[in-house]
Amino acid sequence: MSSKSRRKPNTGGTKMASGSRKRTRNGDTASTSPIINGESLRRPISAMGPAPFSEMEMAVAENERTDYSTKISLETAKAGTAPRAVRVYADGIYDMFHSGHARQLMQAKMAFPNTYLIVGVCSDKLTHKMKGRTVMNETERYEALRHCRYVDEVVKAAPWSISDEFLEKHKIDFVAHDDLPYVSSTSDDVYKHLKDKDMFLATQRTEGISTTDIIARIIKDYDMYVRRNLTRGYSAKELNVSFMKEKKIQFEENLNKMKDKSRELIDKIKDTKDKGNEIIHRWEEKSREFITNFIDMFGSEGRISNWLQESRARLEQAISPVNSDDEDEEEESSSTKPDSPDSATKSPPTKRGRISPTLLGATSQLQEQDPSDLEDELS
């Protein structure tokens with residue numbers, strides 16, 4: 001709600017601005033609400049705290065500033081040409097305030113370019129009489145609505161049916177609610193007279209979410225939520241649970257914990273087994289590779305055996321080389337004609353011993369020397 005005063009339209013007509021533009025935090029430009037006589041019709045950011053109750057000073061001042069003699073039609077409000085803020089009223093119980101409530105209030109707030117949203121909340125006494133028990137008490141429900149961003153004012157102990165006196169008191173232009181007929185003990189539709197006056201603003205319900213649905217979910221999983229609260233320190237008396245029921249729930253809770261631990265243990269064993277099988281499989285692959293490499297290296301036909309044989313052959317060849325005389329004899333025998341008759345029966349040549357040149361020289365000297373001289377030398 002804005003504490004800034006708004007001027008009344010003069011007789012010469014109201015000067016309308018096309019709407020200013022401001023730069024947002026991310027640098028983009030955005031249009032603000034229309035401006036009348038230089039004053040913004042939107043609620044200033046400085047006032048964006050908890051919405052006041054209707055009896056508070058801020059709300060009373062806003063009510064007194066409003067010229068209710070100027071009636072605003074639905075077409076004028078939607079076009080954004082209304083000379084003042086359009087006062088829209090939405091009512092309900094708003095028990096366990098949820099996203100469905102917030103979306104309904106958002107539709108009411110965003111229905112017109114310049115909207116002042118008033119929300120009426122029924123008291124506990126009236127709600128219990130007309131509809132039944134609530135989960136949240138009236139104080140909690142009031143505070144939940146005060147802290148909704150779309151709400152400008154909260155009316156406590158709102159009436160079940162809206163009278164003309166209530167509309168005049170709060171200077172309401174339109175009443176927002178879903179279009180379904182709302183039956184009461186005295187009427188088939190408590191909003192019918194507002195629809196006839198063109199003061200009704202239809203909003204859409206959010207499917208899949210309501211206070212009744214939330215309570216049904218809790219009832220469906222009642223034991224689970226009782227176990228939850230018992231484990232969080234609530235006593236059986238606080239939860240309105242009998243002694244036997246408490247012990248049964250505790251036993252089931254412990255049993256479920258044991259089952260969960262067993263599942264975790266089984267999963268760990270399974271994971272360990274899978275990891276062990278994987279390790280064994282890898283070890284088998286590595287062992288096969290190692291054995292294959294070992295055989296290639298140290299086997300009878302491996303690289304080391306071949307290397308040893310080659311080294312032995314080279315060593316033997318180096319120790320006992322082939323004789324040159326034998327090579328001459330081999331060349332002579334190979335030069336013998338194969339078609340001679342003696343070649344087939346000829347015995348192999350006799351091997352001659354190796355005689356050094358020194359020994360040959362000494363032998364020739366002995367043969368040339370006279371035998372008598374030899375005897376004298378020996379004697």
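Conventions and cut-offs
The written sequence of each chain sets the order in which its residues are numbered from 1. This being a predicted model, a pLDDT of at least 70 is required before a residue's local features are given, and a value of 80 or more before pairs of side-chain atoms are given or counted; all residues contribute to the totals for chains, interfaces and linings. By convention in this description, side-chain values take in all heavy atoms of the structure and omit both hydrogens and water. Take a side-chain nitrogen of Lys or Arg and a carboxyl oxygen of Asp or Glu: if they are within 4 Å of each other, that pair is a salt bridge. Counting from the N terminus, the helices are the DSSP runs of H or I reaching at least four residues and the strands are the DSSP runs of E reaching at least two. Summary of the burial criterion: residues with accessible area below 20% of their type's maximum are buried, those above 50% are exposed, and those between are partly exposed, where the area comes from a 1.4 Å probe applied to protein chains only. In this description, a nonpolar core means a group of buried Ala, Val, Leu, Ile, Met, Phe, Trp, Tyr and Cys residues linked to one another through side-chain atoms lying within 4.5 Å. Surface patches are defined over residues having more than 30% relative accessible area and no salt bridge, joining like charges when they lie within 9 Å and nonpolar side chains (Val, Leu, Ile, Met, Phe, Trp, Tyr) when within 5 Å. Method for areas: the Shrake-Rupley scheme with a 1.4 Å probe, in which residue coverage is limited to the protein chains shown. Only four residue types enter the charge count: Lys and Arg as positive, Asp and Glu as negative, with His and the chain ends excluded. The atoms used to mark charge sites are NZ of Lys, CZ of Arg, CG of Asp and CD of Glu. Two residues qualify as a contact provided that any one of their heavy atoms is within 4.5 Å of a heavy atom in the partner residue. Think of a polar contact as two N or O atoms within 3.5 Å of one another; within protein, one of them needs to be a possible hydrogen donor and the other a possible acceptor, and neighboring residues in sequence only count if both atoms come from side chains. Only the six-membered ring of Trp is used, alongside the rings of Phe and Tyr, when aromatic pairs are assigned; centres must lie within 6.5 Å, and planes under 30 degrees apart are stacked while those over 60 apart are edge-to-face, with the rest tilted. Note on geometry: a ring has a charge over it if NZ (lysine) or CZ (arginine) is within 6 Å of the ring centre and within 35 degrees of the ring normal. Any two strands with at least two DSSP-identified bridges between them are counted as paired. Orientation is described by lines fitted to C-alpha atoms, with helices fitted over the stretch in contact, and by angles between N-to-C directions that extend from 0 to 180 degrees. As a per-residue measure, pLDDT tells how confident the predictor is, with possible values from 0 to 100. Arc definition: it is the arc formed by the directions from the helix axis to the C-beta atoms. For classification, angles of less than 35 degrees are called roughly parallel, those exceeding 145 degrees roughly antiparallel, those between 65 and 115 degrees roughly perpendicular, and all remaining angles oblique. Three residue categories are used. Nonpolar comprises Ala, Val, Leu, Ile, Met, Phe, Trp, Tyr, Cys and Pro, charged comprises Asp, Glu, Lys and Arg, and polar comprises the others, including Gly.

1. Regarding the pattern of salt bridges
Under the defined criterion, the tally for this structure stands at 17 salt bridges. In this structure, E143 and R146 form a salt bridge, with 3.6 Å as the shortest nitrogen-oxygen distance. Pair noted here: E143 and R146 are both in helix α5 (residues 138-146), with a separation of three residues, about one helical turn. Given the relative accessible area of 15%, R146 is considered buried. Salt bridges here are not isolated pairs; linked through shared partners, they connect D179, D189 and K195.

2. Description of the nonpolar core
By size, the foremost hydrophobic cluster in this structure holds 24 residues, and its most contacted members are V86, V88, L105, V119, L145 and V151. Those elements that provide at least two residues to this core are β5 (86-92), α3 (99-109), β6 (115-121), α5 and β8 (174-178). Counting residues in each nonpolar core, the second largest holds 17 residues, with I118, V155, V175 and V190 among its members.

3. Here we look at a negative patch on the surface
On the surface, E264, D267, D271 and D274 cluster together into a patch of negative charge. Mapped onto the elements, D267 comes out in helix α10 (residues 243-298). D267 sits in the partly exposed class, given a relative accessible area of 44%.

4. Some details on the environment of T206
Inspection of the secondary structure assignment puts T206 in the loop between β9 (200-203) and α8 (211-220). C-alpha separation for the pair T206 and H101, spaced 105 residues apart in sequence, amounts to 8.4 Å. The residues touching T206, leaving out its near neighbours within four places in the chain, are G100 and R103. A polar side-chain atom of T206 sits 3.4 Å from a polar atom in the side chain of R103.

5. Comments concerning the side chain of R87
Within the secondary structure, R87 sits in strand β5. Among buried Asp, Glu, Lys and Arg side chains, R87 stands out as unpaired, with E153 the closest opposite charge at 4.2 Å. At 3.5 Å, the side chain of R87 and the side chain of T66 are in polar contact. Not counting the four nearest positions on each side in its chain, R87 is found in contact with E62, N63, T66, Y116, I118, E153, H170, K171, I172, D173 and F174.

6. Quick notes on the packing of aromatic side chains
Geometry of an aromatic ring pair is reported as the spacing of the ring centres plus the angle between the planes. Counting across every chain of the model gives five aromatic pairs. Seen from their ring centres, Y94 and F97 are 6.4 Å apart, and the 45 degrees between their planes marks the pair as tilted. Among the residues examined, Y94 registers a relative accessible area of 5% and is labelled buried. Consider the rings of Y191 and F200, whose centres lie 5.8 Å apart with planes at 50 degrees: the pair is tilted. Taken individually, Y191 and F200 each receive the classification buried, so the pair is uniform in this respect. Its guanidinium or amino end placed over the ring of Y68, K71 lies 3.6 Å from that ring's centre, counting from NZ or CZ. Just above the ring of F53 sits the side chain of R146; from NZ or CZ to the centre is 4.8 Å.

7. So, the sheet that holds strand β7 (residues 153-156)
Pairing in this open sheet of five strands is parallel, and the strands run β7-β6-β5-β8-β9 from one edge to the other. On the outer flanks of this sheet lie β7 and β9, each paired with one strand and no other. Here the strands of the sheet are splayed against their neighbours by 30 degrees on average, with no regard to which way each runs. Of the pairings in the sheet, the one linking β8 to β9 comprises four bridges and is parallel in character. Of the residues in β9, the one forming a bridge with A176 is L201. Lying on the sheet, α5 is in contact with β6 and β7; it crosses β6 at an angle near 170 degrees.

8. Regarding the confidence of the model for the protein chain
Confidence along the protein chain averages 78 in pLDDT terms, with 72% of residues attaining 70 or more. When the criterion is pLDDT under 50, residues 1-42 qualifies, and its contacts beyond four places in sequence or with other chains add up to 72 contacts.

9. Observations regarding helix α1 (residues 57-65)
The α-helix winds at 3.6 residues per turn, so residues separated by three or four positions along the chain end up facing the same way. Looking only at α1, the buried set comprises A59, E62 and N63. All buried residues of α1 lie within an arc of 100 degrees about the axis, which places them on one face of the element. Exposed and facing more than 90 degrees away from the buried side of α1 are E57 and E64. Looking at the packing, one finds that the buried side of α1 touches β5, β6, β7 and α6 (164-170).

10. Focus on the packing of helix α9 (residues 222-231) against α10
Orientation of α9 relative to α10, taken along the N-to-C sense of each, is 90 degrees, at an axis distance of 10 Å. When the interaxial angle is binned, α9 and α10 end up roughly perpendicular. For the pair formed by α9 and α10, the contact residues are Y222, D223, V226, R227, L230 and T231 on the first element and K245, E246, I249, E252, E253 and N256 on the second. Looking at the contact of α9 with α10 residue by residue, the class counts come to four nonpolar, two polar and six charged.

11. Topic: the pairing of β8
Across the five residues that make up β8, a large majority, five, are buried. Where burial is concerned, the two faces of β8 agree: the one with F174, A176 and D178 and the one with V175 and H177 are both buried. Pairing of β5 with β8, which is carried by three bridges, proceeds in the parallel orientation. Of the residues in β8, the one forming a bridge with A90 is A176.

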